[in-house]
Amino acid sequence: MKLSVNIDHIATLRQARRGIEPDPLEGAFEVLKAGADGITFHLREDRRHIQDKDVYLLKEKIKMPLNFEAALSPEIVDIILEIAPEETTLVPEKREEVTTEGGLDVIASEKRLLNAIPRMKAKNILVSLFVDPDETQIRASKNYGADAIEIHTGHYAALSDPLEIEKEWNHIKDMVLFARDLGLIVNAGHGLNYENTQKIALIKEINELNIGHSIISRSIFTGLHQAVKDMLKIVKG
Ligand code: PXP
């Protein structure tokens, strides 16, 4: 199982002062030095953390896989096509949310997906859709031409009752197998931390976990290198 580290919150801290530190590019180098398999970033329409210049610098300097998370707005889709990252993960986005709140409604986004996905695939960009663990959304992802899905683990991560956790974990596992059997690459992420990732990492059919907030949070106390290494130990078993 691979770990792609989301570096958005390095930029969040920088943007708190609108200055130059901490630098997400430097963070990306540090994350990769610690052994992560790739870098994820989300260029939001409101540019609250990652800025356009970060995206261009990451593309120029980082030689490991980049996963460009973004909403399906025409302006952002044009940037994805220009940058041509190894992978793009398409997410829903609301300006008032503090973070991505749920999976993409693939069916409601049909027109925009059918317009964007073929253009992305023509640039050799692997297209992943961030979806709730829901059969209808997963099947539609396959039907509209996605290569991969990222299963939203936010609901699982928010649970505290062991029985409910077990039930949601079983559901996620079923949906991972369902997607895999359709021929989709299956990633997962959102809300994963040093406690709840271990159980998700038992689902060996998951290709990659995308984790950000918990790693950047821990890095304040341990340094980024150690925070990534600690998470890699969990992800790689
Ligand atoms: N996957 C997706 C699609 C996301 O939008 C985010 C948050 O940017 C993450 C994973 C990472 O979530 P977290 O920061 O909670 O680890």
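Fair warning: this is a prediction, and the values are worked out from it, not measured in the lab.

## A short note on the site of the ligand
Right, so step 1: Near the ligand lie 13 residues; those nearest to it are Thr-100, Glu-150, Gly-191, Gly-212 and His-213.
Right, so step 2: Here an oxygen atom of the ligand sits 3.1 Å away from a polar atom, N or O, in the side chain of Glu-69.
Right, so step 3: Residue Gly-212 places a main-chain N or O atom 2.8 Å away from an oxygen atom belonging to the ligand.
Right, so step 4: For the ligand, the protein covers 94% of the area, taking 400 Å² as the surface of the free molecule.
Right, so step 5: Of the residues belonging to the shell around the ligand, the class tally is three nonpolar, seven polar and three charged.

## A closer look at the environment of Glu-208
Right, so step 1: Among the structural elements, Glu-208 can be located in strand 8 (residues 208–211).
Right, so step 2: In the structure, Glu-208 is positioned 99 residues away from Ser-109 in sequence and 24 Å away in space, judged by C-alpha atoms.
Right, so step 3: The contact partners of Glu-208, leaving out residues within four places of it in the chain, are Met-1, Lys-2, Ser-4, Glu-87, Val-186, Asn-187 and Ala-188.

## Structural notes on helix 10 (residues 213–222)
Right, so step 1: Among all positions in helix 10, only Ser-214, Ile-215, Ile-216 and Ser-219 are buried.
Right, so step 2: At its buried positions, helix 10 is contacted by strand 1 (2–6), helix 1 (8–17), strand 8 and helix 11 (224–235).
Right, so step 3: Note on helix 10: the residue one or two positions beyond its end, Gly-223, has a positive phi of about 90°.

## Section: the packing of aromatic side chains
Right, so step 1: Using the criterion set out here, one finds one aromatic pair in the structure.
Right, so step 2: Relative to Phe-68, the ring of Phe-41 has its centre 4.9 Å away and its plane inclined at 45°; by these criteria the two rings are tilted. Of this pair, Phe-41 sits in strand 2 (residues 38–42) while Phe-68 sits in strand 3 (residues 66–70), and the two are 27 residues apart along the sequence.
Right, so step 3: With relative accessibility at 0%, the residue Phe-41 sits in the buried group.

## Remarks on the side chain of Thr-197
Right, so step 1: Here Thr-197 shows up in helix 9 (residues 197–200).
Right, so step 2: At 2.6 Å, the side chain of Thr-197 and the backbone oxygen of Asn-193 are in polar contact.
Right, so step 3: With near-sequence residues (within four places) excluded, Thr-197 lies in contact with Leu-192, Leu-209, Ile-211, Met-231, Ile-234 and Val-235.

## Describing the pattern of salt bridges
Right, so step 1: Inspection of every chain in the model, using the stated rule, returns 13 salt bridges.
Right, so step 2: When the shortest N-O distance is used, the salt bridge between Arg-48 and Asp-46 registers 3.0 Å.
Right, so step 3: We classify Asp-46 as partly exposed; its relative accessible area is 26%.
Right, so step 4: As a salt-bridge pair, Asp-230 and Arg-218 come within 2.9 Å of each other at their nearest N and O atoms. With Asp-230 in helix 11 and Arg-218 in helix 10, this pair connects stretches of sequence that are twelve residues apart.

Criteria and thresholds
- Residues numbered from 1 in each chain as written.
- Predicted model: local features only at pLDDT ≥ 70, side-chain atom pairs only at ≥ 80, totals over all residues.
- Heavy atoms only, no water.
- Near = heavy atom within 4 Å.
- Polar contact = N/O pair within 3.5 Å; in protein donor to acceptor, adjacent residues only side chain to side chain.
- Areas by Shrake-Rupley, 256 points an atom, 1.4 Å probe, with all protein chains shown as cover.
- Nonpolar A, V, L, I, M, F, W, Y, C, P; charged D, E, K, R; others polar.
- Helix = DSSP H or I, 4+ residues; strand = E, 2+ residues; numbered from the N terminus.
- Contact = heavy atoms within 4.5 Å.
- Buried < 20%, exposed > 50% of the residue type's maximum accessible area, 1.4 Å probe, protein only.
- Phe/Tyr/Trp six-rings, centres within 6.5 Å; stacked < 30°, edge-to-face > 60°.
- Salt bridge = Lys/Arg side-chain N within 4 Å of Asp/Glu carboxyl O.

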